[in-house]
Amino acid sequence: MIKKTFLIEIGTEELPSKILKNIILIFYKNFVNELNSNNILYKKINYFSTPRRLALQIIELDTSEKINEKIKKGPAIKHAFDKNGNPTQAAYYWAKNCKINLNQAHRLKTQKGEWIIHRIQEKQEKIELLIPKIIEKTLRNISIKNTMRWETDNLRFIRPIRNIVMLLDDKVIKSVVFNLRSNNLLYHHISCKEEKIYIKNAIEYPSILFKKNKIIANYETRKEKIKNEVKKIAKKVNGTIKTNLFLLEEITSLVESPKALLATFQNYYIDYIPKKILIHTIEKQQKCFAIYSNNLEKKILPYFIFVSNINSKKNKEVVLGNEKVMNARLSDTMFFLKKDRQTKLENYLPYLKKVSFYNNLGTLYEKTLRLKFLIEWMSSSNNKINKNDLTRSAILSKCDLITQMVGEFPELQGTIGMYYALENKESKEVAIAIQEQYLPSFSGDKLPSTPIGCLLSISDKIDTLSGMFSIGEIPDPEKDPFGLRRAALGILRIIIVKKIPIDLKKLIQISLENYNLKNIDYSIISKKIIKFFTSRLSFFYEKQGYNIKLIKAVLSCKLTEPLDIDKRINAISNLKNIESIILTSKRIDNILKKNNQTISNKINIEWIKQIEEKNLLEKIKNFNNKTKKLFIEKKYEEILLEIKKLEKPIDNFFDKVQINHSNVEIKKNRLSCLIKIQKIFLKIANFSYLY
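Residues numbered from 1 in each chain as written. Predicted model: local features only at pLDDT ≥ 70, side-chain atom pairs only at ≥ 80, totals over all residues. Heavy atoms only, no water.

A. Highlighting the packing of aromatic side chains. All told, the structure shown has 15 aromatic pairs when counted by the stated rule. Ring centres of Phe-540 and Tyr-541 lie 5.1 Å apart, and the angle between their planes is 70°; on these two criteria the pair is classed as edge-to-face. Each member of the pair, Phe-540 as well as Tyr-541, carries the same accessibility label: buried. Aromatic side chains Tyr-541 and Tyr-546 sit 5.4 Å apart centroid to centroid with 90° between the ring planes, which places their arrangement in the edge-to-face category. The same class applies to Tyr-541 as to Tyr-546, namely buried. Through a chain of ring-to-ring contacts, three or more aromatic side chains come together here, namely Trp-150, Phe-157 and Phe-178. (Phe/Tyr/Trp six-rings, centres within 6.5 Å; stacked < 30°, edge-to-face > 60°. Buried < 20%, exposed > 50% of the residue type's maximum accessible area, 1.4 Å probe, protein only.)

Shown next as structure tokens:
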């Protein structure tokens, strides 16, 4: 076995920072899969990524020549030979197609059966010829939605590829990948005058990059360096850093020669700009780290840490430049705040009449009125919620969309409204609800913390869903431009986690009627939305690890109350020895399917002939009396335990009673008894999905 180190580096134009880590992981996994499928052995693969390069280094790659065996499967033995053991026409035809005599064929026996096969031994392509093909295939299989085209032959990748390095130890593997000839010249740092770095041997990677211009090609090493430097700098000014993994990942993906530096901004911005807006400006917009005080208040200090992509000898000038940009940005923020504060939040309400919500769905003012109606309807049976705060939160919910701050920082919608509401002496509950109406904004995001926030969030999302479905803007498997899947899942999570008793069917109906659109059959639209919610519920429970058959068993009952569905799924999932109930249900279903004539579920006492029948009917009657209140209270765990008590009388019935009696009336009576039991099961779930 000949072992060598192989290096592939793809030099590109600047890669998107938010998906850089994902890109290299896909590249790595695809490459590993291709090596395995080609039976190429190796010890280890190191992967590297910076904004302008993706690289893999394969340690101890087996480059020796191999003989691969392929198996060409023929007909099954029973089809290849007749009863006397003579070859059939099918066997002769297959042998001719393989260009062999039948006596050259072998046999393959598995648990599924036995076949005739032809073993073909082929010499594997030389590694120098095979690897470039693997690389091109691997790169083309990186499935990222938005790719770019360059050159005349429509090549596609995340960003245009400008350089390909392929080294096997000290030998350049000469080939053409993505119309580029491979070489041994690495991309230099973007600020360097020298365009390329000459690399002699694959084993020199990535240390040669660090030697030449402090380039740290390893993503995790680079991230750790940034993290440690930032913490040390914060300590120097008696401050601390709050761990923001998203920011750390993004900055790591923006630089390849990281150097963390301390800078300051004017202290008066801290007093004037609300904390969350200040953090947003520093971290989200300027990609810098905010520094907090060490005390319990965790106030923002007038410092920030930025990560430069160059190790400059003129750090003071670099710091001054960043301070100038930061102060200008904060000055703009302060200007917009001053301008907005001249008008009370509620006085922006009339301006919503001039802003369209969406084509054919009215204005934002009309949406506000719809939210007010929906939130009041949902809270009608809840006396614990302050009705004035509830109505006020709906009326003010969209007012901040008119402000200059939201115009400049659209991602802060809701947060701006919260601050302005508090400044206008609105209640804390109203202000929090305005902020939380957009939660959850992504998968796994936190939920609204207050009852009013929950109801406002549900109102906002169901209004959007109903409107979009009404005008035909329904998500397909590939596109969901309005985030309707996320909205539906958000509604379901709020209802289930916060235990809000809402019937989706009624909610959807009221939301649709709120639009008052002409020439639309609301019943058809409602069914489509309910079906959409059902698919999201299935996804919600699957993601949590619930059995897909169990999910279908409950959802097939066409229920529209998420809380009810959740209770059923958890009750069945938590019940021990559920198998006995499933077997009983299956046995009853099978008997009723064989006797599929229309049978009444009314029992005629005259035709009850055996004690086992009488006992079972008595137990069913007791069960119905005992569980009537339990069904109303939706205590399914207790109901299932009561069903378990029916198992013995049901077993006795099956053991001692002949269902297919010669007397038709007795038979019908006994089948009616089984229908009663079947209906009990169906009141919880359709257990046939669990067979």
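B. Structural view of the pairing of strand 18 (residues 300–308). Of all nine residues in strand 18, seven are buried; the element is thus mostly enclosed. Summarising the sheet, strand 16 (residues 259–264) and strand 18 pair through six bridges and their orientation is antiparallel. Bridging from a neighbouring strand, Thr-264 pairs with Tyr-303 of strand 18. Between strand 17 (residues 289–293) and strand 18, which pair antiparallel one after the other, the connecting turn spans six residues, and Lys-298 there sits at a positive phi close to 50°. (Helix = DSSP H or I, 4+ residues; strand = E, 2+ residues; numbered from the N terminus. Pairing = 2+ DSSP bridges.)

C. Focus on the packing of helix 23 (residues 611–632) against helix 26 (residues 664–682). The N-to-C vectors of helix 23 and helix 26 enclose an angle of 30°; their axes lie 11 Å apart at closest approach. In this view, helix 23 runs roughly parallel relative to helix 26, as classed from their interaxial angle. The interaxial crossing formed by helix 23 with helix 26 has left-handed handedness. Packed against helix 23, whose contacting residues are Glu-613, Leu-616, Leu-617, Ile-620, Phe-623 and Asn-624, the element helix 26 presents Arg-670, Cys-673, Lys-676, Ile-677 and Ile-680 at the interface. Classifying every residue of the contact of helix 23 with helix 26 gives seven nonpolar, one polar and three charged. (Axes fitted to C-alpha atoms, helices over the stretch in contact; angles between N-to-C directions. Parallel < 35°, antiparallel > 145°, perpendicular 65-115°, else oblique. Left-handed = near helix turned anticlockwise from the far one by under 90°. Contact = heavy atoms within 4.5 Å. Nonpolar A, V, L, I, M, F, W, Y, C, P; charged D, E, K, R; others polar.)

D. Looking closely at unusual backbone geometry. A cis amide bond links Tyr-205 with the next residue in sequence, Pro-206, at an omega value of 5°. With respect to the helices, strands and loops of the structure, Pro-206 is situated in the loop between strand 14 (196–198) and helix 5 (207–213). At the junction of Leu-439 and Pro-440, the peptide bond is cis and its omega measures out at -10° in the coordinates. The topology assignment puts Pro-440 in the loop between helix 15 (428–436) and helix 16 (451–470). You will see that Asn-238, though not glycine, has its phi angle at about 55°, which is positive. By the element assignment, Asn-238 lies in the loop between helix 6 (219–236) and strand 15 (239–240). At Asn-519, a position not held by glycine, the phi torsion is positive, near 55°. For Asn-519, the location among the structural elements is in the loop between helix 18 (504–515) and helix 19 (522–543). Judged by relative accessible area, which is 82%, Asn-519 ranks as exposed.

E. Just the sheet that holds strand 5 (residues 106–110), in detail. An order of 4-6-5 is seen for the three strands of this open sheet, with the pairing classed as antiparallel. Edge positions in the sheet fall to strand 4 (67–76) and strand 5, since each has one partner strand and no second. Each adjacent strand pair in this sheet contributes to an overall mean axis angle of 45°, direction not counted. Against the sheet, helix 3 (residues 89–98) contacts strand 4 and strand 6 (113–123), and its axis sits at roughly 155° relative to strand 4.

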